[in-house]
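Structural description and commentary
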Amino acid sequence: MATPLAFVAGEGAELIATDGTRYLDFVSGFGVTNTGHCHPRVVEAIRDQAAQLLHVSTVGATQAASAYAERLCALVPIADAKLFLANSGTEVVEAALKLVRYASGRPAVIAFGGGFHGRTLGSLSISTSKAGFRAGYEPLPGGVYTVPYPRDELEPTFAALEQLFREQVVPRRVAAMIVEPVLGEGGYVVPPDGFLPRLRSLCNEHEILLVADEVQSGFGRTGRLFACEHSGVEPDLITLGKGIASGLPMGALVGCAELLDAWPPGAHGTTFGGNPVCCAAAAATLDVLEEERLVENAARRGTELLEGLLRLGAKAHGRGLMIGVDLASAEAATEVRERLLERHVIVSACGPESRTLRLSPPLVLDGGHVARFLEVFATCM
Ligand SMILES: Cc1ncc(COP(=O)(O)O)c(C=O)c1O
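What you see is a predicted model; the values in this text were computed from it and never measured.

1. Examining the environment of Val59
In this fold, Val59 is placed in the loop between α2 (40-52) and α3 (63-75). C-alpha separation for the pair Val59 and Thr271, spaced 212 residues apart in sequence, amounts to 9.8 Å.

See below:
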């Protein structure tokens, strides 16, 4: 657990503990409650849908799932999109790994060092953010090659890719590259400009599919609806989860129709995917993001927060409301987190050495919340 607390309620950017104390939540259930806790619009949509229809599975279509699928496909930066709905981030990453191999007939996948894509065996095989996540589960599925994520400069990553193609795997055996547009669990790292465009052209050159894992960066977190929009790059597939339904379990694999159509009926499936209650929550989530201009708010409050932290001398970095603060050690990070908690502010940590404070507050954050956070943070450093 990130804290020793137990909670009974949540409202906007705050969590309420059993003793009634209100905490400023800068974790958002690990990047999930983007619309704030228990947004009335989302709660109402869940109630209405639950009273009408709870579950159908692939027995037939539902209005909630069809309407949501059409809406999400029109929003992603992929032309002529189609999707597959599941119940979590790791499940849609798993689905992506299956689809790229199925559609291309190629066995290999390239991932990036420090990436995190989930805990099921396939997702874990491409996750290298912490060795501890993998320990005890080897051997993990093979065919995975890893090159460094560009933390400061692009050259080492592209040199490693060239070397990989020369020494370990020929490009025509590579089905896909899977990448987080902003590194999440691996330390909240924004790659240098030009990373995704250059990766896109390398993939095009070798007919390799490009998968953007936006499970954490999607749905407004970085100040654009999807983080790959910052670069103008169109991936072949996008994996989505976390903030998609404001807290109900859901994931979506979205991609160009031609690719999704490579799966004949029955080639992949799930009992609960496309659950109407989750789809109703996801549709209400989009309503709230749009009507309350929360994506723009994430960009604005993110800049305020980042600038405020830099003014305090913190080693802060990030995009939108996905901000990391590097401390000297894991012990220092734990100490600052404990001091913040004593002052009723919750943050978590990330990065390979767990020494980066991870700030991912709900996108409903207002100027007062930013000021409150910075004031408390200043006393805890
Ligand atoms: C980028 C990314 N992909 C996939 C996942 C896995 O999502 P979940 O834990 O919801 O299955 C995560 C979770 O942190 C993530 O950050």
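Picking up where we left off.
2. Let's talk about unusual backbone geometry
Note the cis peptide between Glu138 and Pro139, where omega equals 0°. Mapping Pro139 onto the fold places it in the loop between α6 (131-134) and β6 (144-148). We note that Ser246 has phi near 60°; this positive angle belongs to a residue other than glycine. The residue Ser246 is located in the loop between β9 (237-240) and β10 (251-256) in this model. Assessed through the 31 C-beta atoms surrounding it within 10 Å, Ser246 is described here as buried.

3. Brief notes about the packing of α3 against helix α10 (residues 276-291)
Contact pair α3 / α10: the axes reach a minimum separation of 8 Å and the direction vectors enclose 40°. Regarding the angle of α3 to α10, the classification is oblique. Handedness of the α3/α10 crossing: left-handed. Counted together, Ala64, Ala65, Ala67, Tyr68 and Arg71 of α3 and Pro276, Cys279, Ala280, Ala282, Ala283 and Leu286 of α10 form the full contact between these two elements. Taken together, the residues that form the contact of α3 with α10 break down as 10 nonpolar, no polar and 1 charged.

4. A short note on the site of the ligand
In the vicinity of the ligand lie 16 residues, with Gly89, Thr90, Gly118, Val215 and Gln216 positioned nearest. Ranked by the residues each element gives to the shell around the ligand, the list is headed by helix α4 (residues 89-104), at 3 residues. Taken together, the residues of the shell around the ligand sort by class into 4 nonpolar, 8 polar and 4 charged.

5. Brief notes about the sheet that holds strand β15 (residues 356-359)
Two orientations exist for strands paired in a sheet by backbone hydrogen bonds: parallel and antiparallel. Across the sheet, which stays open at both edges, the 4 strands sit in the order β11-β12-β15-β14 with antiparallel pairing between neighbours. The outermost strands of the open sheet, each flanked by one partner alone, are β11 (315-319) and β14 (348-350). For this sheet the average axis-to-axis angle between neighbouring strands, irrespective of direction, equals 35°. As defined by bridge partners, strand β12 (residues 322-326) adjoins β15 across 4 bridges and the pair is classed as antiparallel. Looking at β15, one finds that Gly324 is bridged to Arg358. Contacting β11, β12 and β15, helix α11 (residues 294-311) runs over the sheet at an angle of about 165° to β11.

6. Let's talk about α11
In an α-helix there are 3.6 residues to a turn, and that puts residues three or four apart on one side. Between its terminal C-alpha atoms α11 stretches 25 Å, which fits the 26 Å expected from 18 residues at 1.5 Å a residue. Residues Leu294, Val295, Asn297, Ala298, Arg301, Gly302, Leu305, Leu306 and Leu309 constitute the buried set of α11. Buried positions in α11, seen along its axis, are confined to an arc of 150° and lie on one side of it. For α11, the secondary structure elements touched by its buried residues are α10, β11, β12, β15 and α13 (367-380). Gly313 lies just past α11 and shows a positive phi near 90°.

Each value, and the rule that gives it
- Residues numbered from 1 in each chain as written.
- Predicted model: local features only at pLDDT ≥ 70, side-chain atom pairs only at ≥ 80, totals over all residues.
- Helix = DSSP H or I, 4+ residues; strand = E, 2+ residues; numbered from the N terminus.
- Buried ≥ 20, exposed ≤ 12 C-beta atoms within 10 Å, placed from the backbone.
- Axes fitted to C-alpha atoms, helices over the stretch in contact; angles between N-to-C directions.
- Parallel < 35°, antiparallel > 145°, perpendicular 65-115°, else oblique.
- Left-handed = near helix turned anticlockwise from the far one by under 90°.
- Contact = placed C-beta atoms within 7 Å.
- Nonpolar A, V, L, I, M, F, W, Y, C, P; charged D, E, K, R; others polar.
- Near = placed C-beta within 6 Å.
- Pairing = 2+ DSSP bridges.
- Expected span 1.5 Å × (residues − 1).
- Arc of directions from axis to C-beta.

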